[in-house]
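One-letter residues, chain by chain:
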Amino acid sequence: MTPARDPAPRNLVLVCVAMGVSFVAQTLLMLAVPLHAVRLGASPAVVGLLVSTAFAVPTVFAIPMGRLVARLGVRRMMAFGALGMAVGPLAVWVLPGLGGLAFMQFVVGTSQLAMGLAAQATIAASGRGPSLERAFGWYTTVAALGQMLGPLLGGALLEASGPSAAYGAAAALPLASLASALALSVPRGTRSPTGRGRLGYAAQVALLRANVAVQASLLLTIAVLGAFVLHAAFFAVYLEGMAIGAAAIGLLVSLRSLAAMLVRPFTAWAIARLGGRPRAMLVLVAAMAAALTATGVVSGLVALGVAAVVLGVATGLGQPLTLVILSEHVEPGERPSALGLRLTVNQGTQLLAPMALGVVAQAIGYGAAFVVAGLAMAALAAAMVRVAAAMARAGS
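Residues numbered from 1 in each chain as written. Predicted model: local features only at pLDDT ≥ 70, side-chain atom pairs only at ≥ 80, totals over all residues. Heavy atoms only, no water.

**Things to note about empty space enclosed by the protein**
Thought 1: Across all of its chains, the model carries four cavities of 30 Å³ or more by this definition.
Thought 2: A volume near 250 Å³ is recorded for the largest cavity.
Thought 3: In terms of lining, the largest cavity is formed by 19 residues, of which the most central are Phe23, Gln112, Asn346, Gln347 and Gln350.
Thought 4: Listing elements by their share of the lining of the largest cavity, those giving two or more residues are helix H1 (8-39), helix H6 (98-124), helix H7 (129-160), helix H12 (212-240) and helix H17 (335-364).
Thought 5: With five residues, H6 is the single largest residue contributor to the lining of the largest cavity.
Thought 6: For the lining of the largest cavity, the residue count by class is nine nonpolar, ten polar and no charged.
Thought 7: There is about 80 Å³ of room inside the second largest cavity.
Thought 8: Lining the second largest cavity are Gln26, Leu29, Met30, Val51, Ala54, Phe55, Gln105, Val108, Gly109 and Gln112. (1 Å grid on protein atoms, 1.4 Å probe; cavity = no way out; pocket = protein on both sides within 12 Å on 5 of 7 lines; lining within 4 Å. Points joined across faces, edges and corners; volume = space filled by probe spheres on them. Helix = DSSP H or I, 4+ residues; strand = E, 2+ residues; numbered from the N terminus. Nonpolar A, V, L, I, M, F, W, Y, C, P; charged D, E, K, R; others polar.)

**What to know about the packing of aromatic side chains**
To describe a pair of aromatic rings, you give the distance between the ring centres and the angle between the ring planes.
Thought 1: Scanning all chains against the criterion turns up three aromatic pairs.
Thought 2: Residues Phe103 and Phe106 carry aromatic rings whose centres are separated by 6.2 Å and whose planes lie at 35° to one another, so their mutual orientation is tilted. Highlighted residues: Phe103 and Phe106, both in helix H6, separated by three residues, approximately one helical turn.
Thought 3: Judged by its relative accessible area of 42%, Phe103 is partly exposed.
Thought 4: We classify Phe106 as partly exposed; its relative accessible area is 31%.
Thought 5: On the numbers, 5.9 Å between centres and 40° between planes, the contact of Phe234 with Tyr366 is tilted. Of this pair, Phe234 sits in helix H12 while Tyr366 sits in helix H18 (residues 366-383), placing them 132 residues apart in sequence. The same class applies to Phe234 and to Tyr366, which are both buried. (Phe/Tyr/Trp six-rings, centres within 6.5 Å; stacked < 30°, edge-to-face > 60°. Buried < 20%, exposed > 50% of the residue type's maximum accessible area, 1.4 Å probe, protein only.)

**A word on the packing of H12 against helix H15 (residues 277-297)**
Helix-helix packing: each pair is described by the crossing angle between the helix axes and the interaxial distance.
Thought 1: Here H12 crosses H15 at 20°, and the two axes come no closer than 11 Å. Classed by the angle they form, the pair H12 and H15 counts as roughly parallel. As for how H12 packs across H15, the hand of that crossing is left-handed. Mapping the contact onto sequence places Ala216, Leu220, Ala223, Val224, Ala227, His231, Phe235 and Tyr238 in H12 and Met281, Val285, Met288, Leu292, Thr295 and Gly296 in H15.
Thought 2: Residue composition of the contact of H12 with H15, grouped by class: eleven nonpolar, three polar and no charged. (Axes fitted to C-alpha atoms, helices over the stretch in contact; angles between N-to-C directions. Parallel < 35°, antiparallel > 145°, perpendicular 65-115°, else oblique. Left-handed = near helix turned anticlockwise from the far one by under 90°. Contact = heavy atoms within 4.5 Å.)

**A short note on the layout of surface pockets**
Thought 1: Taken as a whole, the second largest pocket encloses approximately 230 Å³ of empty space.
Thought 2: Lining the second largest pocket we find 15 residues, and of these Leu230, Ala353, Ala373, Ala376 and Met377 sit closest to its centre.

**Describing the environment of Leu95**
Thought 1: Summarising the element assignment, Leu95 is placed in the loop between helix H5 (91-94) and H6.
Thought 2: Dropping the residues within four chain positions of it, Leu95 is found in contact with Gly100 and Phe103.

**A short note on the side chain of His36**
Thought 1: Relative to the helices and strands, His36 is located in helix H1.
Thought 2: Side-chain polar atoms of His36 contact the side chain of Tyr167, separated by 2.8 Å.
Thought 3: Setting aside its immediate chain neighbours within four residues, His36 contacts Leu101, Pro163 and Tyr167. (Polar contact = N/O pair within 3.5 Å; in protein donor to acceptor, adjacent residues only side chain to side chain.)

Here it is, written out as structure tokens:
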């Protein structure tokens, strides 16, 4: 009898295609929405609120959506998410103005949460150790490629044809994600008979208290996603204030994602060279703090580009590290809900960070706000020292 072919490699390719395309659409919108909102007369605080809208409902429902992944399976959840991402951008034609932008952000953010949970659950079930680090490294590499191409495409469309063309592209792209999602094979470990009590909010709080690796994963998630969303939300508006064109802005924004994409295939190698996972966490968060601070201090385009590259390398290595740490330290049946806990923190960070920095920027300006963000990141690195030391003692 011919042995059954392992579906993991094929699923990894399909997940990478689906999520890579979705990140093109998402980051295209992350460039288009703030610039469009400013042209509609939005203040910095309102710009921050609009960016945050994409993460409001996902912050609350990530854990219940993790339970849905465990029960319905990854294929259905990823297909529903891709369909939602295709429909969301159409809202700007139905509801013109800031209200339409907010509703679009809400639909797209919730839909990509469903896709991301399904994708991560698929990969988490595929292996352990260095093989899992490599799988998440490739997954996040393709995500970074999407995050690099999105601003380039968005900047070109905005400069050539205006916001309508950018929103049309954002609606069309997720149809490719839908096709990839429907072609997935359901892997073991992505549907779970685990009881409701082990998958709910109380169980995740207990897991967080008892498991130092989960604590480390969530703190690193705050750092990585905080740095990413602040740079993505405000860097373009900051540069536009320097009278730089949309295409050039898209290129500078894409440098961060290019650096993240290039470094991610070497995630396992880089973590080993940095001295293991606990030490790597601290080095990466310190680099994020330095890059954010430099963004608000330096003035030349080359220097701003270098800061973006440093931020891209640090976040590029940090994101797969958060996923590997979490995936290896929970039971297989609990992974979808635990990944939902991580995405609750993920989405909460992306909800609150732009709102907070928008208020700060309105008070003291965008440049000084980046310095404040860098100092906050440095404080987070200091707070992570104890958790990193506990991980090292446990041999994680």
